[in-house]
Amino acid sequence: MQPVLSLENLSKYYTSTGNVVVGLSNVTLRFRRGEFVAITGESGSGKSTLAHVICGILPYESGEMYFNGKPTSHFDSADWEHYRRDHISFISQNYGILPGATVMANVVTALRLSGMDKKEAKSAAQDILQQVELWELRRRRAAKLSSGQKQRLSIARALAKPA
């Protein structure tokens, strides 16, 4: 089975005032559909950098990342936006939710950005919110949720994407 995502000798560097810090150095990995992967390591070892590169949030400097067998080194900003919108669901430590919007609006917005019409999005959002046990809080502003509830809302938004 062909990997969905492959990294071949991928490197990422950070520069500031003449200093270069290695974020990733010659990383080679392969991810297959349906595979569960845990990336572990000490603080500062590059876990977040790797996640952000894989998700198309950060660019990489050398090596190659292949998505469905196709190289991404030539991607422009529109290609990366399409990649993130249609193929990536990312649950970050800072939740990635819309704090001023309701729980329901957070999920509906994610569904609408994926191209779903409004009526269908509301129905799908109900199903997703029931799965993550937030249906009863659908009218509450996201900023008013507990940390655990915000994490579940972040998961609901990730489930709302076609990734």
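Refer to the preceding data block for the structure.
Just so you know, these numbers come straight off a predicted model, no measurement behind them.

## Structural notes on the overall build of the chain
Thought 1: In terms of helices and strands, the chain carries five helices and four strands.
Thought 2: Counted from the first residue to the last, the chain has its helices and strands arranged as β-β-α-β-β-α-α-α-α.
Thought 3: Once the C-alpha set of the chain is aligned to its principal axes, its extents read approximately 50 × 35 × 30 Å.
Thought 4: Counting all 163 residues of the chain, 36% fall into the buried class.
Thought 5: In the chain, once contacts between residues fewer than 6 apart in sequence are set aside, the share between residues at least 24 apart is 61%.

## Here's the deal with the packing of aromatic side chains
Thought 1: Taken as a whole and assessed by the stated rule, the structure comprises four aromatic pairs.
Thought 2: Both rings, one in F75 and one in W80, keep their centres 4.8 Å apart while their planes meet at 65°; by these two values the pair is edge-to-face.
Thought 3: Residue classification places W80 among the buried residues on the basis of a relative accessible area of 15%.
Thought 4: Seen in terms of ring centroids, F75 and Y83 are 6.4 Å apart; in terms of plane orientation they differ by 65°. Their pairing is edge-to-face.

## Quick notes on the environment of E42
Thought 1: Residue position: E42 is located in the loop between β2 (19-31) and α1 (47-54).
Thought 2: The exposure class assigned to E42 is exposed, which follows from its relative accessible area of 67%.
Thought 3: Sequence-wise, E42 and I128 are 86 residues apart; in three dimensions their C-alpha atoms are separated by 34 Å.

## Some thoughts on the layout of surface pockets
Thought 1: Roughly 1200 Å³ of internal volume is contained in the largest pocket.
Thought 2: Around the largest pocket sit 34 residues that line it, and F31, I54, C55, I88 and S89 are the ones nearest its centre.
Thought 3: Of all the secondary structure elements, the ones that give two or more residues to the lining of the largest pocket are α1, α2 (77-87) and α5 (147-159).
Thought 4: With five residues, the top contributor of residues to the lining of the largest pocket is α1.
Thought 5: Class assignment for the residues of the lining of the largest pocket results in 20 nonpolar, eight polar and six charged.
Thought 6: Roughly 430 Å³ of volume is contained in the second largest pocket.
Thought 7: Every element with two or more residues in the lining of the second largest pocket is listed here: α2, α3 (103-113) and α5.

## Re the nonpolar core
Thought 1: V107, L111, L129, L134, L153 and A156 are the most contacted members of the largest nonpolar core, which has 21 residues in total.
Thought 2: Every element with two or more residues in this core is listed here: α3, α4 (118-131) and α5.
Thought 3: At six residues, α3 tops the list of elements feeding residues into this core.
Thought 4: With near-sequence residues (within four places) excluded, V107 lies in contact with A125, I128, L129, L153, A156 and A160.
Thought 5: Ranked by size, the runner-up nonpolar core spans 17 residues in total, among them V4, L5, L24 and Y60.

## As for the environment of S6
Thought 1: Topologically, S6 is positioned in strand β1 (residues 5-16).
Thought 2: Sequence-wise, S6 and E64 are 58 residues apart; in three dimensions their C-alpha atoms are separated by 8.1 Å.
Thought 3: Those residues in contact with S6, other than ones at most four positions away along the chain, are L29, R30, E64, M65 and Y66.

Cut-offs used in this document
Residues numbered from 1 in each chain as written. Predicted model: local features only at pLDDT ≥ 70, side-chain atom pairs only at ≥ 80, totals over all residues. Heavy atoms only, no water. Helix = DSSP H or I, 4+ residues; strand = E, 2+ residues; numbered from the N terminus. Buried < 20%, exposed > 50% of the residue type's maximum accessible area, 1.4 Å probe, protein only. Contact = heavy atoms within 4.5 Å. Phe/Tyr/Trp six-rings, centres within 6.5 Å; stacked < 30°, edge-to-face > 60°. 1 Å grid on protein atoms, 1.4 Å probe; cavity = no way out; pocket = protein on both sides within 12 Å on 5 of 7 lines; lining within 4 Å. Points joined across faces, edges and corners; volume = space filled by probe spheres on them. Nonpolar A, V, L, I, M, F, W, Y, C, P; charged D, E, K, R; others polar. Core = buried A, V, L, I, M, F, W, Y, C linked by side-chain atoms within 4.5 Å.

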